[in-house]
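# A closer look at the structure
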Amino acid sequence: WYSEIPAPMMLGHVRVFKEMMESCDLSRGSFFSFVGLLPEQMLYLVWLTTGQRFRWLLEPLALPEASFLSRPLIIDIGAAGGLDTALYMALGARVVAVEANPAALNCTRNRLQQGLRTGNLDLRNFKIVSTRPAGGELKRTESFDTLSHALDFERAGEADMPIYEKHNFTTTIRLPAVSCFDLIADLGKPFYMKIDAEEATEKCLYSMSRLPPEWRPTIVSAEIADAMILELLWALGYRSFKITRQSPNVLRTSPVVCNIPGASQLKESASGLFGDAATDVESGPAWNSIEDTLNLFYMLMNPAVRSGVARWFPSANAEWFDVHARQAPP
């Protein structure tokens, strides 16, 4: 939609919005109480939905020690079409993006060519496993279709995944297998690791138990479908948590961006902001204990609660969540 608005007009609207946000004298907690989002998430959503062009909207989110000569490492497990990777690049990080689906990875490649040219982005078409197979580069067969494999493309506008021969995309591919332990051992400790890899999310966390505590990511997030994810994070030494909604970060994307023939429109979603900027669904900016987080998770997953909320907000039954964790106590 933003392409239909003249660029000078769009720039003016975005500048006015940022000035309004900067002039707001509410605390972050009070802002959350009124709006249900944090101020930085409002700015992020404008950045996301206007083509990720206005990088200055992200100025309040500067990473620690981010400079031209020192870029914090972020590992994006389950990069999908690259919306989260684009955020990390805009914040000044050095990013390693891992995605099993080649069509999704190709979208990231098309979207972030400048990062590839500068060397600040490393794309890897890998399958995440608990332990790297003996010999390292053994292949695993992985089947993809738009109905059963969550790409964050959300059925790719009802178009089939592209089917090509030989060196391009196929519906069944063979992938190098790698564990999250292997990635960190090879790359070094990341400041942040995002894990959104369906059934491989638990495998990733399991493998990180073999890392010394000082090598584990400072901040980690994972899509949470059951309490096992929280238990694994606690076992890894994480002591503060937030549960965040993913649904605000949904975006309609032109298939031209991702070079997927036959799709009229793509529906993508992102994990969004992380760490202190992540918005807990109940406490907003505040980090929480494992006990409070478990209680909140069980409430959010309670079918009676979800159906009750859905009477007023039909999307509640389709809501999905991430958990963010840090090592410091709340």
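All of the points below concern the structure found in this document. Note that residues are indexed from 1 along each chain, following the sequence as it is written. Only residues with pLDDT of at least 70 get local features here, since the model is predicted, and only at 80 or more are side-chain atom pairs given and counted; chain-wide, interface and lining totals rely on the full set of residues. Heavy atoms throughout the structure, all of them, feed into the side-chain values; hydrogens and water do not.

### Some words on the environment of Gln 52
Numbered from the N terminus, helices here are DSSP runs of H or I no shorter than four residues, and strands are runs of E no shorter than two. Looking at where Gln 52 falls in the secondary structure, it is placed in the loop between helix H3 (39-49) and strand E1 (73-77). A sequence separation of 35 residues divides Gln 52 from Leu 87, and the C-alpha atoms of the two residues are 8.2 Å apart. Polar contacts, as counted here, are pairs of nitrogen or oxygen atoms within 3.5 Å of one another; within protein the pair requires one atom able to donate a hydrogen and one able to accept it, and residues that are adjacent in sequence qualify only if both atoms are side-chain atoms. Looking at Gln 52, its side chain comes within polar contact range of the main-chain oxygen of Leu 48, at 2.8 Å.

### Thoughts on a nonpolar patch on the surface
Any residue with relative accessible area above 30% and no salt bridge may belong to a patch, with like charges joined within 9 Å and the nonpolar Val, Leu, Ile, Met, Phe, Trp and Tyr side chains within 5 Å. Surface exposure here means Shrake-Rupley accessible area, sampled with a 1.4 Å probe, where a residue is shielded only by the protein chains that are shown. Should a side-chain nitrogen of Lys or Arg be within 4 Å of a carboxyl oxygen of Asp or Glu, the pair is scored as a salt bridge. A cluster of nonpolar side chains, namely Leu 26, Phe 34 and Val 35, defines an oily patch on the protein surface of about 310 Å² accessible area. With respect to the element layout, Leu 26 can be found in the loop between helix H1 (7-23) and helix H2 (28-35). Burial classes: relative accessible area under 20% of the type maximum marks a residue as buried, over 50% as exposed, and values in between as partly exposed (1.4 Å probe, protein chains only). A relative accessible area of 39% places Leu 26 in the partly exposed class.

### A short note on H3
For H3, the buried fraction is high: nine of the 11 residues fall into the buried class. Taken as a whole, H3 has its buried residues at Pro 39, Glu 40, Gln 41, Leu 43, Tyr 44, Leu 45, Val 46, Trp 47 and Leu 48. Between two residues, a contact is recorded if the distance between any of their heavy atoms is within 4.5 Å. Buried residues in H3 make contact with H1, H2, helix H4 (83-90) and strand E10 (250-253). Positive phi appears at Gly 51, one or two residues downstream of H3, with a value of about 85°.

### Digging into the side chain of Ser 207
Positionally, Ser 207 belongs in helix H8 (residues 200-208). Classification of Ser 207 by relative accessible area gives buried; the value is 1%. Not counting residues up to four positions away in its chain, the partners in contact with Ser 207 are Ser 130, Ser 179, Cys 180 and Phe 181.

### Comments concerning the state of the cysteines
Note on disulfides: each one is a pair of cysteine sulfur atoms within 2.5 Å. Using the criterion set out here, one finds one disulfide in the structure. Paired through a disulfide, Cys 180 and Cys 204 show a sulfur-sulfur distance of 2.0 Å. Taking the sign of the torsion about the S-S bond as the criterion, the disulfide between Cys 180 and Cys 204, at about -110°, is left-handed. With Cys 180 in helix H7 (residues 180-187) and Cys 204 in helix H8, this pair connects stretches of sequence that are 24 residues apart. Assessed through its relative accessible area of 0%, Cys 204 is described here as buried.

### Quick look at the packing of aromatic side chains
Pairs were defined over the aromatic rings of Phe, Tyr and Trp, the Trp ring being its six-membered one, requiring ring centres within 6.5 Å. Orientation was assigned from the angle between planes: stacked under 30 degrees, edge-to-face over 60, tilted for the rest. This model, assessed by the stated rule, comprises six aromatic pairs. Pairing Tyr 88 with Tyr 192 gives two aromatic rings, centres 5.7 Å apart and planes at 85°, and the pair type is edge-to-face. Here Tyr 192 lies in strand E7 (residues 192-195) and Tyr 88 lies in helix H4, a separation of 104 residues in the sequence. The exposure class of Tyr 192 is buried, given its relative accessible area of 0%. Through a chain of ring-to-ring contacts, three or more aromatic side chains come together here, namely Tyr 88, Tyr 192 and Phe 274. Each ring is checked for a lysine NZ or an arginine CZ that lies within 6 Å of its centre and within 35 degrees of its normal; such an atom marks a charge sitting over the ring. In this arrangement the basic side chain of Arg 15 is found over the ring face of Trp 56, its NZ or CZ atom lying 5.1 Å from the centre. We note Arg 239 situated over the ring of Trp 234; from NZ or CZ to the ring centre the distance is 3.6 Å.

### Focus: the pattern of salt bridges
This model, assessed by the stated rule, comprises nine salt bridges. Close ionic contact of Asp 76 with Lys 194 constitutes a salt bridge, the shortest N to O distance being 2.8 Å. Highlighted residues: Asp 76 in strand E1 and Lys 194 in strand E7, separated in sequence by 118 residues. One exposure class covers both Asp 76 and Lys 194, and it is buried.

### So, the pairing of E1
Buried residues dominate E1, accounting for five of its five residues. Every second residue of E1 is oriented toward a common face, with Leu 73, Ile 75 and Ile 77 on one face and Ile 74 and Asp 76 on the other, all of them buried. Relative to strand E2 (residues 94-98), E1 runs parallel, the two being bridged by five bridges. Following the sheet pairing, Leu 73 is matched in E2 by Arg 94. Following the backbone out of E1, through H4 and into the adjacent parallel E2, one traces a crossover that is right-handed. Two strands pair when backbone bridges link them, and E1 and E7 are joined in this way by four bridges, in the parallel orientation. The partner of Ile 77 across the bridge, within E7, is Ile 195. Paired strands are those between which DSSP finds at least two bridges. The handedness of a crossover follows from its direction of travel: if, with the strands pointing away from the viewer, the path from the first strand over the helix to the second runs clockwise, the crossover is right-handed.

This is a description of form; function is not addressed.
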